[in-house]
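# Inside the fold
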Amino acid sequence: MNYDDEMQRKNILKLREKLEALPPYCGEFMRGIENVTSHRTRLAYAYDLTLFFNYLKTEGGFSERQINDVSILNKLTLTDLEKYISYLNYFEETDKDGKVIVHKNTERGKSRKIASLRTFYKYFYKKQLITTNPASLIDMPKYHQKQIIRLEPDEVARLLDTIEQGPTLSKSQMKYYEKTKVRDFALISLLLGTGMRVSECVGIDRKNIDFENNGIKILRKGGSEQVIYFGKEVRDALIDYLEERKNIPSDSDALFLSMQNKRITVRAVENLVKKYTRCVTTLKNISPHKLRSTYGTNLYRETGDIYLVADVLGHRDVNTTRKHYAQIDDDRRRVAAKVVKLRD
């Protein structure tokens, strides 16, 4: 079973588990959108709906019986939904061990949950099971554009040097360093040299690599397959790792293996990226996604082609890419202002 099939199996089982605790009509909703959404999207909806219905029980004063009837959606007003959105700013939950967990939502987090509600209400309104759709009237939070966090060229060079030489790692980190440095160098070189998502990276099997054309077949977000290409530095790093990989006994065909000789996880990649990048910069919190931003920034600076950047990064909408790299355009406009002089 390949990585995507395994993730799909796990997500479907998790979705079924979540649906058991949700009102019965949530299952109808999930079946209704099955042909137009991915299993990841439906699971994300399930998490958002769980939060929404828990709020109705704990903060909204509705009973289990009321919530289990789809007519409750008719009873909720726009004001009720706006109170819920306000609640998302900050709320506390107690876990099974009695520990209080604090939750906060940024504008992006609230926007996703509003989008989930809109889709949920739209489905039942379209099916004529409810007569009102207040969710369609909720205003989306205004995004505050954040500065792109990325590594500068000298930081990228120092990062790769750190992985190759391990000069500033702690004793506990050095314990495993010699066993994983070739893998880690290849993995981070691949992220920096292609801009792929970490989920796409961990899903790669050895058979997906074509060294004749320097390409890798990956499964993009949303389920589409795409071949992305890499340069000589990434090629050399991958070849070195695959030579070492031949001597590792494993039933998995995964390209990158964990210390347990199983497919490496997203969380493990996140941890190793943080481990190495902290040796390079303490001011920037670098995640695998920030390595993706580093690649996108470098590609845009070199080519100035926003459509190429969007295609390589796998963005469906070029406007998503344009907004993300708007700051670079502003930097270029500032340079342009200094080039033209009115007087010598």
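The following paragraphs examine the structure supplied in this document. (Residues numbered from 1 in each chain as written. Predicted model: local features only at pLDDT ≥ 70, side-chain atom pairs only at ≥ 80, totals over all residues. Heavy atoms only, no water.)

## Side note on the side chain of Arg245
- For Arg245, the position within the fold is in helix α11 (residues 232-245).
- A polar atom in the side chain of Arg245 sits 3.4 Å from the backbone oxygen of Leu255. (Helix = DSSP H or I, 4+ residues; strand = E, 2+ residues; numbered from the N terminus. Polar contact = N/O pair within 3.5 Å; in protein donor to acceptor, adjacent residues only side chain to side chain.)

## Points about the pairing of strand β2 (residues 100-104)
- Two strands pair when backbone bridges link them, and strand β1 (residues 90-94) and β2 are joined in this way by five bridges, in the antiparallel orientation. Residue Thr94 lies in a different strand from β2, and its bridge partner there is Val100. (Pairing = 2+ DSSP bridges.)

## What to know about the pattern of salt bridges
- Inspection of every chain in the model, using the stated rule, returns 17 salt bridges.
- The closest approach of N and O atoms between Glu6 and Lys10, which form a salt bridge, is 3.9 Å. Of the two residues, Glu6 and Lys10 both sit in helix α1 (residues 3-20), four residues apart, roughly one turn of that helix.
- The class for Glu6 is partly exposed, based on a relative accessible area of 23%.
- Among the charged side chains, a network of salt bridges with common partners joins Glu6, Arg9 and Lys10. (Salt bridge = Lys/Arg side-chain N within 4 Å of Asp/Glu carboxyl O. Buried < 20%, exposed > 50% of the residue type's maximum accessible area, 1.4 Å probe, protein only.)

## Notes on a nonpolar patch on the surface
- On the surface, Tyr90, Val100 and Val102 cluster together into a nonpolar patch covering about 270 Å² of accessible area.
- You can see Tyr90 is positioned in strand β1.
- The class of Tyr90 is partly exposed, set by a relative accessible area of 44%. (Patch = residues over 30% accessible without salt bridge, like charges linked within 9 Å, V, L, I, M, F, W, Y side chains within 5 Å. Areas by Shrake-Rupley, 256 points an atom, 1.4 Å probe, with all protein chains shown as cover.)

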